[in-house]
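Report on the structure
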Amino acid sequence: MRVEGRFSELKGLTSADWARGEKRNRRQQKRSPPMPRGLIQKLFDSCREVFSDAATGVIPSPDGVARVKSVLDLMRPEDVGLTQKMPYFRNIGNPGRPPVTYLHIYESDRFSMGIFCLPPSAVIPLHNHPGMTVFSKLLSGSMHIKSYDWVDHGSTPRAPPGVRLAKVQTDATFTAPCETSILFPTTGGNLHCFTAVTACAVLDVLGPPYDDDEGRHCTYYNAFPFSDFSDDSVAGQPEEEGLAWLEETEKPEEFSVVGAKYMGPRMVQR
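Everything numeric here is computed off the predicted structure, so don't read it as measured data.

Once that is clear, we can look at the sheet that holds strand β9 (residues 200-207). Reading across the sheet, the six strands line up as β7-β4-β9-β2-β1-β12 and stay open at both edges, with mixed pairing between neighbours. Lying at the two open borders of the sheet, with one neighbouring strand each, are β7 (181-183) and β12 (257-261). Neighbouring strand axes in the sheet, compared pairwise and without regard to direction, differ in orientation by 25° on average. Pairing geometry for strand β2 (residues 112-118) and β9, over seven bridges, is antiparallel. Along β9, the bridge assignment pairs Gly114 with Asp204. In the packing of helix α4 (residues 62-74) onto the sheet, contacts are made with β4 (133-140), β7 and β9, and the angle to β4 comes to roughly 15°.

Here we come to the layout of surface pockets. Leftover empty space is mapped by rolling, across the atoms, a probe with the size of a water molecule. Of the pockets and cavities examined, the largest pocket occupies roughly 430 Å³. In terms of lining residues, the largest pocket is bounded by 20 residues, among which Tyr102, Phe116, Leu206, Tyr210 and Cys218 are the most central. Those elements that place two or more of their residues in the lining of the largest pocket are β1 (100-107), β2, β3 (123-127), β8 (191-196) and β9.

Reading the values: the criteria
- Residues numbered from 1 in each chain as written.
- Predicted model: local features only at pLDDT ≥ 70, side-chain atom pairs only at ≥ 80, totals over all residues.
- Heavy atoms only, no water.
- Pairing = 2+ DSSP bridges.
- Helix = DSSP H or I, 4+ residues; strand = E, 2+ residues; numbered from the N terminus.
- Axes fitted to C-alpha atoms, helices over the stretch in contact; angles between N-to-C directions.
- Contact = heavy atoms within 4.5 Å.
- 1 Å grid on protein atoms, 1.4 Å probe; cavity = no way out; pocket = protein on both sides within 12 Å on 5 of 7 lines; lining within 4 Å.
- Points joined across faces, edges and corners; volume = space filled by probe spheres on them.

Laid out in structure tokens, this is it:
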């Protein structure tokens, strides 16, 4: 009835009436507020501006860091199209450590965005982020994070080559929803390890991303107790301060990452 009634009203309009109506519609469209953007679009736009001058060792301004964090703090699984029913969160037929799934969202030479999906007990081994600023937002589940920063100590006679002193910055379990964690080139826990307590997903923003040609190579480490390589020059510093020795190692054979297509809301790259 509404359609028919509306049509009968329109039948008597002249061409001038149509023209006036069209102009009025265009004016109303111009005045109409823009459609609200999804959080993934807002995150992309923020990162593109905040990391516009990204380079090895360059940290965004405090306002820029706060801007990206404020968007990530609001994000939930549904904002990136994730549900716990997805196969990424189940360990099917893997007797050892289950593989981690990476959903690639975006990457440029300035920054990257992606999601790591971990089944229960999956591990992302201890690794570094040379010259990078990294935002990690736990979207779902529970995850144990252990992170370190290097300690400037000078020579260590008893430590073999490739072993350096570090200090624990984080050693705790986090459960979503929680605040975004941020690490910087030399502070905030630049080296970290993720262990899935339950099935979980973490959204990572890296600025700038890994790039071997630019000296941003991902290196893996084994951690040893402070007492294993301590000598007289570090004697008197108690282990409870969180000191440890980190040794470079090859990528662990049991660590497997599988790529999958990101199926969440799309971004407009204007």
